[in-house]
Amino acid sequence: MDAYARDGNPRKFDLGVGVYKDAQGLTPVLAAVKRAEQQLLEQQLSKTYVNGHGDVAYGQLLTRMVLGDDSPLLAASRAGATQTPGGTGALRLSGEFLRHCLPGRGIWLSDPTWPIHESIYAGVGLEVHHYPYVGADNRLNVEAMLACLEQIPQGDVILLHACCHNPTGFDLSHADWRRVLDVVKRRELLPLIDFAYQGFGDGLEEDAWAVRLFADQLPEMLVTSSCSKNFGLYRERTGALIVCASTESKLLDVRSQLASLARNLWSTPPDHGAAVVAQILGTPELKSLWADEVQTMRSRIAQLRRGLVEALERYGLDHRFGYIAEQRGMFSYTGLTPSEVQQLRERYSVYMVSNGRANVAGIDASRLDELAAAIAGVCR
Ligand code: PMP
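**Q** Please explain the overall build of the protein as it appears in this structure.
**A** In terms of helices and strands, the protein carries 15 helices and eleven strands. Dimensions of the protein along its principal axes, counting C-alpha atoms only, are 60 × 55 × 35 Å. Taken over 380 residues, the protein has a buried fraction of 54%. Across the protein, contacts joining residues at least 24 apart in sequence account for 75% of those joining residues at least 6 apart. Taken as a whole, the protein presents about 16,600 Å² of accessible surface, with 50% of it coming from carbon and sulfur.

Rendered as structure tokens:
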């Protein structure tokens, strides 16, 4: 980010940033959020603390959004949300819970994964292990992943990305998810599903497919949900740790532990973002406006992916980079080597993470050919 800021080239590209950008290169406040904020400003009567588990309406509405309106877990009171400062707060709270309440269990992360997963779970003192995910050929390697899962000690925790895998953009197919579920069941693993991009892959409902499959088929699991991307609420720190338990009374036990752990971390969660989300999800016209806005963001990302591959095709590079159109979400493991990334930066002012991760949502659609030309310049 510093190197990008220092670069005086007016034609520079920022593909390193971790936020969605629109066609103007901006990350604006969504219209549904603005309207909800106006309503809240008029309605809010107090700034007293919110409950330890957060805004009750927010928790219920978000749990429905994640698990689906007709989830049997809701009917059986087997699922509940604890509001957290962003998805990161939910991950941290899950780490504290595992460390204190399920001691001795290791956690397994995909290789590669979002680096903050590594630091959070190592930081709370869990034993962090890895399962293979993307191979040296920059392709999803499900066979290697499953072979590793078969070896994981019974009861260990496995962190899965619900959709839009960060950093690679490679998601499991429905068939792959079913195979993972089969191993999870047999080895009695505890899934922890990180759901930071609901709506950015194939749709708000479609992206929740695997979470709902696991919730329906397993006695218990944890889900970390973030409203940073899909509601554009990044700085408002809006997320939740959703617990799915085998019975209502087990859920209550877990929730009482979570409330006490959260008390030591942030006491009570910040209010504003969650109040906005509750207002949107609880008001039909705001909800439908918001769903349209999520669809606009999703379509733009999908178009940029296709557009980039078409532009690369003109330079004869579609064979090498064709998978960019199949990946999901904002990020793409481009498969560019660290030396190619460095040359892109030095010769063309194209900035991305040195492991080749590019934020596709950061590309200006009118400059796809220019970007493809730069990539061709370092790949020949
Ligand atoms: N998980 C993943 C995989 C992410 O990419 C992110 C955001 N970059 C998060 C969780 C957490 O997001 P936040 O704390 O901003 O809600």
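**Q** I would appreciate a short explanation of the site of the ligand in the present structure.
**A** Taken together, 13 residues are adjacent to the ligand, and T88, D194, Y197, S226 and S228 come closest. Separating an oxygen atom of the ligand from a side-chain N or O atom of T88 is a distance of 2.5 Å. At a separation of 3.1 Å, a nitrogen atom of the ligand approaches a polar side-chain atom of K229. Ranked by the residues each element gives to the shell around the ligand, the list is headed by helix α5 (residues 86-101), at four residues.

**Q** Help me understand the domain arrangement of the protein, please; the structure alone is not making it clear to me.
**A** Interface size is commonly expressed as the accessible surface area that is lost when the partners come together. Partitioning the protein into domains gives domain 1 (2-29 + 290-379) and domain 2 (49-282). Placing a centre on the C-alpha atoms of domain 1 and another on those of domain 2 gives a separation of 28 Å. Each side of the interface is counted separately: domain 1 has 21 residues, and domain 2 has 25 residues. Together, the buried faces of domain 1 and domain 2 total about 2,000 Å²; carbon and sulfur atoms form 65% of this surface. One salt bridge in this structure joins D202 and R328, with 2.7 Å as the shortest N-O distance. Inspection of the domain 1/domain 2 interface yields ten residue pairs in polar contact (both at pLDDT 80 or more). Those elements that provide at least two residues to the side of domain 1 that touches domain 2 are α12 (284-313) and β9 (331-333). No other element matches α12, which puts six residues into the side of domain 1 that touches domain 2. Looking at side-chain class alone, the side of domain 1 that touches domain 2 contains eleven nonpolar, seven polar and three charged residues.

**Q** Mind showing me how you'd approach the packing of helix α2 (residues 31-43) against α12 here?
**A** When two helices pack together, their arrangement is given by the angle between the helix axes and by the axis-to-axis distance. In contact at an axis separation of 8 Å, α2 and α12 are set at 150° when each is read in the N-to-C sense. One element, α2, and the other, α12, form an angle in the roughly antiparallel class. Along its contact with α2, which presents A31, A32, R35, A36 and Q39, the element α12 presents L286, L289, W290 and E293. For the contact of α2 with α12, the per-class residue count stands at six nonpolar, one polar and two charged.

**Q** Is there a simple way to think about the sheet that holds strand β7 (residues 221-226) in this case?
**A** Picture the strands of a sheet paired through backbone hydrogen bonds; they go either parallel or antiparallel. With mixed pairing, seven strands are arranged side by side in an open sheet as β2-β8-β7-β6-β5-β3-β4. This sheet does not close on itself; its edge strands, each paired only once, are β2 (79-84) and β4 (128-132). On average, each strand axis in the sheet is inclined to that of its neighbour by 25°, with strand direction left out of account. Summarising the sheet, β7 and strand β8 (residues 239-244) pair through six bridges and their orientation is antiparallel. Pairing of S225 across the sheet is with A240, part of β8.

**Q** Just to check I follow, could you spell out the pattern of salt bridges for this structure?
**A** If the charged atoms of two oppositely charged side chains come close together, the side chains can form a pair. In this structure the tally under the stated criterion is twelve salt bridges. Its salt-bridge partner being D14, residue K21 comes within 3.8 Å of it at the nearest N-O pair. Of the two residues, K21 and D14, both sit in the buried class. Here E96 and R92 are joined by a salt bridge, their closest N and O atoms 2.7 Å apart. Residue E96 and its partner R92 are located together in helix α5, separated by four residues, close to a single helical turn.

**Q** I'm lost on α5 in this one. Help?
**A** Because the α-helix completes a turn every 3.6 residues, residues three or four places apart line up on one side. Taking 1.5 Å of rise per residue, 16 residues should cover 22 Å, and α5 covers 22 Å from first to last C-alpha, within 8% of that figure. All of the buried residues in α5 are G86, G87, G89, A90, L91, L93, S94, G95, E96, F97 and L98.

**Q** Help me understand the side chain of T84 in this model?
**A** Tracing the backbone through its elements, the reader meets T84 in strand β2. A distance of 3.3 Å separates a polar atom in the side chain of T84 from the backbone nitrogen of A90. When residues no more than four places from it in sequence are discounted, the contact partners of T84 are G89, A90, L93, R237, T238, G239, A240, L241 and W266.

**Q** Just checking my understanding: could you explain the nonpolar core for this structure?
**A** Generally speaking, a soluble globular protein has its nonpolar side chains buried in company with each other. The biggest cluster of nonpolar side chains holds 102 residues, and the ones touching the most others in it are F214 and W290. Per-element tally for this core: the top contributor is α12, with ten residues. Mapped onto the domain boundaries, this core takes at least three residues apiece from domain 1 (2-29 + 290-379) and domain 2 (49-282). Leave out the neighbours within four places in its chain, and W290 touches L30, A32, M65, L204, N230, F231, I280 and L281. Within the second largest apolar cluster, 25 residues are counted, among which are I120, L126, L241 and L251.

**Q** Help me understand the pairing of strand β5 (residues 157-161), please; the structure alone is not making it clear to me.
**A** The side chains of a regular strand alternate, first on one face of the sheet and then on the other. Taken across its five residues, β5 has five buried, putting it largely inside the fold. The side-chain alternation of β5 yields two buried faces, one formed by V157, L159 and H161 and the other by I158 and L160. For strand β3 (residues 107-111) and β5, the ladder comprises two bridges, and the chain directions are parallel. Bridge pairing in β5 places W108 opposite I158. By the bridge criterion, five bridges tie β5 to strand β6 (residues 190-195) in an arrangement that is parallel. Looking across to β6, one finds that V157 is bridged to L190. Traced from β5 through helix α8 (residues 174-186) to β6, the parallel crossover comes out right-handed.

The rules behind these values
- Residues numbered from 1 in each chain as written.
- Predicted model: local features only at pLDDT ≥ 70, side-chain atom pairs only at ≥ 80, totals over all residues.
- Heavy atoms only, no water.
- Helix = DSSP H or I, 4+ residues; strand = E, 2+ residues; numbered from the N terminus.
- Buried < 20%, exposed > 50% of the residue type's maximum accessible area, 1.4 Å probe, protein only.
- Contact = heavy atoms within 4.5 Å.
- Areas by Shrake-Rupley, 256 points an atom, 1.4 Å probe, with all protein chains shown as cover.
- Near = heavy atom within 4 Å.
- Polar contact = N/O pair within 3.5 Å; in protein donor to acceptor, adjacent residues only side chain to side chain.
- Domains from an automatic or database assignment.
- Buried area = accessible area lost by both parts, 1.4 Å probe.
- Salt bridge = Lys/Arg side-chain N within 4 Å of Asp/Glu carboxyl O.
- Nonpolar A, V, L, I, M, F, W, Y, C, P; charged D, E, K, R; others polar.
- Axes fitted to C-alpha atoms, helices over the stretch in contact; angles between N-to-C directions.
- Parallel < 35°, antiparallel > 145°, perpendicular 65-115°, else oblique.
- Pairing = 2+ DSSP bridges.
- Expected span 1.5 Å × (residues − 1).
- Core = buried A, V, L, I, M, F, W, Y, C linked by side-chain atoms within 4.5 Å.
- Right-handed = clockwise from strand over helix to strand, strands pointing away.

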